[in-house]
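Chain by chain, the residues run as shown.
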Amino acid sequence: MGTALRCRGVLALPHIASGKVREIYEIDPDHLLFVATDRISAYDVILNQAIPDKGRVLTGLSLHFFDLLDTPNHLVSTDLSQVDGLTEDQRAELAGRAMVVRRAEVVPVECVVRGYLYGSSWREYRDGGGPTTEHLPDGLRQADKLDEPIFTPATKATTGHDENITEGQTREILGDDLYEELRTRSIDIYTRANEYAAEKGVILADTKFEFGHANGELLLIDEVLTPDSSRYWPTDAYEPGGEIPSFDKQYVRDWLETQPWDKSPPPPDLPEEIVTGTRERYVEAYERITGESFDAYLESTGR
Ligand code: Q0Z
């Protein structure tokens, strides 16, 4: 197991953006290097320890779904030998976790699709209703399956949390034509991915897509259908009416709950066995969802 990638490092490429666990660099005016690090957040706090290969698991899942979905997207290549200015060490560190992508004009809303009533949507519903619950019937319980998946966009808050917005607000931001196109595309992709996941014994409870325009085309961008952008539940752990353990993060959350920690930074240090156990769960998520061995994925990246 190699050294987990925790920080941005010093790539000889201009740094464009940092997310909590991802980095973007510029390759040329039309191409970006999209990097998934091994950082992990829990309860919205970035933990002090990285999870080795977590970024590779997420990148492998994104690649799997780009391939499976066959919908116009930003992926250009995973071949870093064509990217100038990287050292051999950097190529090795980036292998399996970086994608060369087409630079797009990012659509300014997060395209969230929910098949189940959970998370912020459940909290809105329980507390009397909000933007995501406009079209829902009364009498639903936490984690209930919805009759139809719903499109519940959110704005990208630069600080703090994404904010759920109403259909009317979304139509004002996007215009009716783009709204309809994004809703149709998002629900279609969610539905196909959820049908696929069901065959693997996994429920895709909800997910968040990003889209962007390039050369007049609407592309699916960013990471897709990863555990960081989606809520995956093992089908056999599904029981409506309460909390459902998440596939990837439940183990580390359960350990954090044993600690005297108020969920504001700094978080407690993770013991080695918790790091290792968390890695195993990410690898298991990769293998369960793709049906392929993670070692084979690592080998395919030349490591
Ligand atoms: C995605 C994000 C991250 C912070 C910009 N193909 C694209 N073209 C233009 N912009 C983006 C993409 Cl993917 C783009 N984000 C989200 C990712 C760190 C923010 F790694 N920001």
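Caption draft 1: Broad picture of the overall build of the protein. Secondary structure summary: the protein contains eight helices and 15 strands in total. For 303 residues, the compact-globule estimate of 2.2 N^0.38 gives 19 Å, and the protein sits close to it at 19 Å. Across its three principal axes, the protein shows a C-alpha extent of roughly 60 × 50 × 35 Å. Burial statistics for the protein: of 303 residues in total, 50% are counted as buried. Pairs at least 24 apart in sequence give 66% of the contacts found in the protein among residues at least 6 apart. Carbon and sulfur atoms make up 46% of the accessible area of the protein, which totals about 14,300 Å².

Caption draft 2: Focus on the site of the ligand. Inspection of the region around the ligand gives 16 residues, with Gly19, Arg22, His74, Arg102 and Ala104 positioned closest. Here a nitrogen atom of the ligand and a side-chain polar atom of His74 are 3.0 Å apart. Contact distances for the ligand include 2.8 Å between a nitrogen atom and a backbone N or O atom of Arg102. Here the ligand has 470 Å² of accessible area as a free molecule, and 86% of this is covered by the chains. Of all the elements in the fold, those that place two or more residues in the shell around the ligand are β1 (15-18), β2 (22-28), β3 (31-36) and β7 (98-102). With three residues, β2 is the single largest residue contributor to the shell around the ligand. Residues that form the shell around the ligand fall into these classes: eight nonpolar, three polar and five charged.

Caption draft 3: A look at the sheet that holds β2. Read across the sheet, five strands follow the order β1-β2-β3-β7-β6 without closing on themselves; strand pairing throughout is antiparallel. Lying at the two open borders of the sheet, with one neighbouring strand each, are β1 and β6 (75-77). Ignoring strand direction, the axes of neighbouring strands in this sheet form an average angle of 35°. Each of β3, β6 and β7 is contacted by helix α1 (residues 54-69), which is oriented at about 45° to β7, the strand it contacts most.

Caption draft 4: Representation of the pairing of strand β14 (residues 217-221). The buried fraction of β14 is high, at four of five residues. Of the pairings in the sheet, the one linking strand β13 (residues 202-214) to β14 comprises five bridges and is antiparallel in character. Looking at β14, one finds that Glu210 is bridged to Ile221. Between β13 and β14, which pair antiparallel in sequence order, lie two residues; one of them, Asn215, sits at a positive phi of approximately 50°.

Caption draft 5: View of the pattern of salt bridges. Under the defined criterion, the tally for this structure stands at 23 salt bridges. As a salt-bridge pair, Arg56 and Asp53 come within 2.9 Å of each other at their nearest N and O atoms. Its relative accessible area of 4% is what places Arg56 among the buried residues. Of the charged contacts in the structure, one is a salt bridge between Asp162 and Lys208, with a shortest N-O distance of 3.4 Å. Of this pair, Asp162 sits in the loop between β11 (154-155) and β12 (163-164) while Lys208 sits in strand β13, and the two are 46 residues apart along the sequence. Relative accessible area serves as the criterion here: at 29%, Lys208 is assigned to the partly exposed category. Through salt bridges with shared partners, a single ionic network connects Glu167, Arg171, Asp176, Glu180 and Arg183.

Each value, and the rule that gives it
- Residues numbered from 1 in each chain as written.
- Predicted model: local features only at pLDDT ≥ 70, side-chain atom pairs only at ≥ 80, totals over all residues.
- Heavy atoms only, no water.
- Helix = DSSP H or I, 4+ residues; strand = E, 2+ residues; numbered from the N terminus.
- Rg over C-alpha atoms; globule rule 2.2 N^0.38 Å.
- Buried < 20%, exposed > 50% of the residue type's maximum accessible area, 1.4 Å probe, protein only.
- Contact = heavy atoms within 4.5 Å.
- Areas by Shrake-Rupley, 256 points an atom, 1.4 Å probe, with all protein chains shown as cover.
- Near = heavy atom within 4 Å.
- Polar contact = N/O pair within 3.5 Å; in protein donor to acceptor, adjacent residues only side chain to side chain.
- Nonpolar A, V, L, I, M, F, W, Y, C, P; charged D, E, K, R; others polar.
- Pairing = 2+ DSSP bridges.
- Axes fitted to C-alpha atoms, helices over the stretch in contact; angles between N-to-C directions.
- Salt bridge = Lys/Arg side-chain N within 4 Å of Asp/Glu carboxyl O.

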